[in-house]
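Residue strings, one per chain:
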Amino acid sequence: MDLKQLEYFVRVAELGSFTRAAHALGVVQPALSRQIRALEVELRQHLLVRNGRGAIPTEAGKVLLAHARGILHQVQRAREELGRVRGALAGRVAIGLPPSLARTLAVPLTRAFRRALPQATLSISEGLTVAMLDALTQGHLDLVLAYNPPGLPDITLQPLFDEPLALVQRRAPGLPEDPPLPIALHEVAALPLIIPSRPNALRVQVEAALATLGLKPRVELEIDGVAAILELVADGVGVAVLSPHAVATSPHASELVARPLTQPELHAHVMLASSDRRPATLTQQATADLIRTLCAQRYGAPRVPSSPPSPAAGATPAPPAQCPG
């Protein structure tokens, strides 16, 4: 057994596919298959079973998978401890950010990371919550900032901060800049809404909040991209429910107005997600601390989730309540 074989085996078992694992590892599939086969020969056990949908671990493979994850983690920890002897943490940390947060957080996070962890490498990706949590589960990302993420197996969620949600409309000619007039949530149900498709967390939250009022949204378009949504709103196609940060960082900001939602107010809960499948390295732990500190400085502490408002008060029910911690 060698570390490369174990790493290859873990990737195939976690991704459920030789093809996906080869792509993630940057190796050709025949070479990957040879390494896995050599491991099986040495251990005298079949570790993976190929089927029409990919590859799944056998009972022996499940036992090895648990050990292999621990072995690879300990090797990474050993490398980091040796890095500490040299005076700095090292390694690579891959972070996923929602597009609206990436525009305001990516640069200050990168600066703080380079100051605190000069020997480490940072990778930042943008994406929607569902796609990023899937990448976290598959090992492509180490940490994810997500809006209202659902409770998922093997995922730990920690509250970071809350963002108020607003109704985003095209600014009418002659409309003063400030202050934007608030709008009651029940009025939103009558407006043509441009919103991401299910199971987007914001879509679920808006529908749940309207459902508590006995209403349904009037969906004009389903668009899975904040930039595209704001461009369509600026063109007058419809309205959107987004955070004011999303509007402020848009190139169309001067053409848009973000009206506070009332009766009830809506807030998006931003959580820091990490995978329980791979214990965090020291570098990842230090990065998580940086993220928490930076978010507290820029956005403040979260309003909840220790005692979320009841549905009768207009709060959205499921997603935040399912989040541990």
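Please read these numbers as outputs of a predicted model, since none were measured by experiment.

Rules used in this analysis
Residues numbered from 1 in each chain as written. Predicted model: local features only at pLDDT ≥ 70, side-chain atom pairs only at ≥ 80, totals over all residues. Heavy atoms only, no water. Pairing = 2+ DSSP bridges. Helix = DSSP H or I, 4+ residues; strand = E, 2+ residues; numbered from the N terminus. Axes fitted to C-alpha atoms, helices over the stretch in contact; angles between N-to-C directions. Buried < 20%, exposed > 50% of the residue type's maximum accessible area, 1.4 Å probe, protein only. Phe/Tyr/Trp six-rings, centres within 6.5 Å; stacked < 30°, edge-to-face > 60°. Lys NZ or Arg CZ within 6 Å of the ring centre and 35° of its normal.

Participant: What am I meant to see in the sheet that holds strand S13 (residues 267-275) here?
Facilitator: For sheets, the rule is that strands pair by backbone hydrogen bonds, running either parallel or antiparallel. Taken in spatial order, the five strands line up as S4-S3-S5-S13-S6 in an open sheet, and their pairing is mixed. The open sheet terminates on both sides in strands that have one partner only, identified here as strand S4 (120-126) and strand S6 (155-164). Direction aside, neighbouring strands of the sheet carry axes that sit 20° apart on average. For S6 and S13, the ladder comprises nine bridges, and the chain directions are antiparallel.

Participant: Is there a simple way to think about the pairing of strand S7 (residues 166-170) in this case?
Facilitator: Side chains on a regular strand alternate between the two faces of the sheet. For S7, the buried fraction is high: four of the five residues fall into the buried class. Note that S7 and strand S11 (residues 240-242) share three bridges and pair antiparallel. Residue Val 168 lies in a different strand from S11, and its bridge partner there is Ala 240.

Participant: Just to check I follow, could you spell out the sheet that holds strand S12 (residues 256-262) for this structure?
Facilitator: Judged by pairing direction, the sheet is mixed, and its four strands sit side by side in the order S8-S12-S7-S11 without closing on themselves. In this open sheet, the two strands that pair with only one neighbour each are strand S8 (183-184) and S11. Both S7 and S12 contribute to a ladder of five bridges, which runs antiparallel. Within the sheet, the bridge partner assigned to Arg 170 lies in S12 and is Leu 256.

Participant: Any chance you could explain the packing of aromatic side chains here in plain terms?
Facilitator: Describing an aromatic ring pair means giving the distance of the ring centres and the angle of the ring planes. Here the structure, examined in full by the defined rule, presents one aromatic pair. A centroid spacing of 4.1 Å and a plane angle of 15° characterise the contact between Phe 161 and Tyr 299, whose relative ring orientation is stacked. Here Phe 161 is found in strand S6, whereas its partner Tyr 299 is found in helix H11 (residues 282-299), with 138 residues between them in sequence. In this pair, the class of Phe 161 matches that of Tyr 299, namely buried. One residue, Arg 50, lies across the ring of Phe 18, its end atom 3.8 Å from the ring centre.

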